[in-house]
Amino acid sequence: MSELATSASRTSPCTVSSSPASVPFPRHGGNLGEAILQYRRPREDWLDLSTGINPNGYPVPTPPASVWRDLPDAFDDLPDIAARYYGVPVRTVVPCAGSQAVIRSLPTRLPPGRVAIASLTYSEYAPAFAQAGHTLVPWLGPEAGLPDVDYLVWVNPDNPTARCIARETLSRWRGVLSGRGGMLIVDEAFADVSAHTSMTPHVGEDGLVVLRSVGKFFGLAGIRAGFALCPEGWAVRLAEHLGAWTVSGPARFAVRTALRDTAWQAASRERLLRDGERLLTLLRTQGWPAVGTPLFAWTPHALAPQWHAQLASQGIWTRLFDVRPVVLTNAETHALPSLRLGLPSTEDEWRRLQSALAGLRPD
């Protein structure tokens, strides 16, 4: 990938200068402690649906004592196992402490340039690029086409809007960006269930970095492990930048075991596809304009803040997104708040959610 020697001097009427101070502090789901304090309800009384994490995650067996005692072995077979799981060359695989480690590191390794990030997407990318000296370019998303930028970040399927860009389109965009000396960064944290749009068949090509997580599909967010899949030269430089022991010994054991367990993976994909449709049906039956992935549902609506508060008063925690510009399927630009709901785990939890939804008031 070539250096962007002239990128800082290029201008565009749609670019905006961004500094770390001008980018909002990221907020995330999984912030149940905030709900406990705000609503004064003990932790055990909550149904936490604020994340898109598989609620029935991989049952990691008890690891051998050596993984706690010994330093993590960077020469184990974790990259080989990951390469087989993702179908990519092993030299393109960089194990990392979750996608977050790469999200914060990668912008610092890129020459300062203009980066397009959707107006409503995973909130860590904008501050990471801003802090590294890049210029953020407002982008409404795939309906707006490929903007004139050096770098483009896309979460596929998107979090929280569930929008998905076809592999053929992303491949074409990668070629254009690479020709400019730039890069396409595709976050596939939610791609394990339906992999038909994944960019993994193109991993190794210039100008493409794909981030994969074991936190969502495998339900192992707590171990903080994932992978960056990128051209071999970038893989070497990124691994050197991340440094030694970036993935702990217990995490390496858990990921190696989970990636090998094809029977569990097949059963979980089938269940998540079924449960994702069940959640959408439940919400739409209540009149919610919901779309989703197998791991979460998303609904933009003017009443989203009221619904969020009413569900919280019943001990059901969801993820509320403030009023922000989004592009809906009819390509009209709207400013709507929205809610994201993850999957219940048990039949009791499904019944609890259904009862709470049925009792919502149109305040």
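Note that the structure is a prediction, hence the values are computed from the model and not measured.

Regarding the overall build of the protein
- Helix and strand content of the protein: eleven helices and 13 strands.
- Looking at the 363 residues of the protein, the share that counts as buried comes to 52%.

Some thoughts on the nonpolar core
- By size, the foremost hydrophobic cluster in this structure holds 68 residues, and its most contacted members are Phe218, Phe227 and Trp288.
- Judged by nonpolar contacts, the second largest core, of 28 residues, contains Val153, Ala228, Cys230 and Leu238.

Considerations on helix H8 (residues 249–260)
- Helix length check: H8 (twelve residues) gives 17 Å between terminal C-alpha atoms against 16 Å at 1.5 Å per residue, within 8%.
- The element H8 is extensively covered by neighbouring structure, given that nine of its twelve residues are classed as buried.
- For H8, every residue scored as buried is listed here: Gly249, Ala251, Arg252, Phe253, Ala254, Val255, Thr257, Ala258 and Leu259.
- Contacts from the buried residues of H8 go to helix H2 (66–69), helix H3 (78–86), strand S8 (226–229) and helix H9 (262–285).
- Two or three places before alanine 251, at the opening of H8, serine 248 has a side-chain oxygen 3.2 Å from that residue's backbone nitrogen.

Examining the side chain of threonine 299
- Along the polypeptide, threonine 299 turns up in strand S10 (residues 296–300).
- When near neighbours in sequence (up to four residues on either side) are disregarded, threonine 299 contacts Trp288, Pro289, Ala290, Pro337, Ser338 and Leu339.

Some words on the packing of helix H4 (residues 99–109) against helix H7 (residues 232–242)
- At a minimum axis distance of 11 Å, the contact between H4 and H7 shows a crossing angle of 110°. In terms of axis orientation, H4 runs roughly perpendicular to H7. Read as a crossing pair, H4 and H7 show a hand that is right-handed. Contacts between H4 and H7 involve Ala101, Val102, Ser105, Leu106, Thr108 and Arg109 from the first element and Trp234, Leu238, His241 and Leu242 from the second.

Description of the side chain of threonine 121
- Its location among the elements puts threonine 121 in the loop between strand S3 (114–118) and helix H5 (125–131).
- The class for threonine 121 is buried, based on a relative accessible area of 8%.

Regarding the packing of aromatic side chains
- A complete count under the given rule lists 16 aromatic pairs for this structure.
- Relative to phenylalanine 296, the ring of phenylalanine 190 lies with its centre 5.0 Å away and its plane at 75°, an arrangement referred to as edge-to-face. Of this pair, phenylalanine 190 sits in the loop between strand S6 (183–187) and strand S7 (208–213) while phenylalanine 296 sits in strand S10, and the two are 106 residues apart along the sequence. Phenylalanine 296 shares its class with phenylalanine 190; the two are buried.
- Geometrically, the ring pair formed by phenylalanine 218 and tryptophan 264 is stacked, given 5.6 Å between the ring centres and 15° between the ring planes. Of this pair, phenylalanine 218 sits in the loop between S7 and S8 while tryptophan 264 sits in helix H9, and the two are 46 residues apart along the sequence. Tryptophan 264 shares its class with phenylalanine 218; the two are buried.
- An aromatic cluster of at least three residues, connected via ring pairs, comprises Tyr58, Tyr85, Tyr86, Phe217, Phe218, Phe227 and Trp264.
- Seen from the ring of tryptophan 234, arginine 237 lies directly overhead, with NZ or CZ sitting 4.7 Å from the centre.

Considering unusual backbone geometry
- Here the amide bond leading from asparagine 156 into proline 157 is cis, since omega sits at -5°, within 30 degrees of zero.
- With respect to the helices, strands and loops of the structure, proline 157 is situated in the loop between strand S5 (151–155) and helix H6 (167–179).
- Residue asparagine 159 is joined to proline 160 through a cis peptide bond whose omega torsion reads 20°.

Topic: the sheet that holds S7
- With respect to topology, seven strands assemble into an open sheet ordered S2-S8-S7-S6-S5-S3-S4, the strand pairing being mixed. On the outer flanks of this sheet lie strand S2 (93–96) and strand S4 (135–139), each paired with one strand and no other. On average, adjacent strands in this sheet sit at an angle of 20° to one another, irrespective of strand direction.
- Here S6 pairs with S7 via four bridges, running parallel. Of the residues in S7, the one forming a bridge with leucine 184 is leucine 208.
- Those strands touched by H4 are S2, S6, S7 and S8, and its axis lies near 150° from that of S7.
- Sheet contacts for H6: S4, S5, S6 and S7; angle to S6, the most-contacted strand, approximately 145°.

Concerning the packing of H9 against helix H11 (residues 347–358)
- The contact between H9 and H11 brings their axes to 11 Å, and the two run at 20°. Taken together, the axis directions place H9 and H11 in an arrangement best described as roughly parallel. Relative to H11, H9 is oriented so that their crossing is right-handed. Along the contact surface, H9 presents Asp275, Arg278, Leu279, Leu282 and Leu283, while H11 presents Glu347, Trp350, Leu353, Gln354 and Leu357.
- A breakdown of the residues in the contact of H9 with H11 according to their chemical character gives six nonpolar, one polar and three charged.

Description of the confidence of the model for the protein
- Per-residue pLDDT for the protein has a mean of 89; in total, 88% of the residues score no lower than 70.
- Predicted confidence for residues 1–17 stays below pLDDT 50, and this span has 32 contacts to residues more than four positions away or in other chains.
- Scored below 50 in pLDDT, residues 326–333 shows 16 contacts in the model against residues more than four places distant or in partner chains.

Reading the values: the criteria
- Residues numbered from 1 in each chain as written.
- Predicted model: local features only at pLDDT ≥ 70, side-chain atom pairs only at ≥ 80, totals over all residues.
- Heavy atoms only, no water.
- Helix = DSSP H or I, 4+ residues; strand = E, 2+ residues; numbered from the N terminus.
- Buried < 20%, exposed > 50% of the residue type's maximum accessible area, 1.4 Å probe, protein only.
- Core = buried A, V, L, I, M, F, W, Y, C linked by side-chain atoms within 4.5 Å.
- Expected span 1.5 Å × (residues − 1).
- Contact = heavy atoms within 4.5 Å.
- Polar contact = N/O pair within 3.5 Å; in protein donor to acceptor, adjacent residues only side chain to side chain.
- Axes fitted to C-alpha atoms, helices over the stretch in contact; angles between N-to-C directions.
- Parallel < 35°, antiparallel > 145°, perpendicular 65-115°, else oblique.
- Left-handed = near helix turned anticlockwise from the far one by under 90°.
- Phe/Tyr/Trp six-rings, centres within 6.5 Å; stacked < 30°, edge-to-face > 60°.
- Lys NZ or Arg CZ within 6 Å of the ring centre and 35° of its normal.
- Pairing = 2+ DSSP bridges.
- Nonpolar A, V, L, I, M, F, W, Y, C, P; charged D, E, K, R; others polar.
- pLDDT = per-residue confidence, 0-100.

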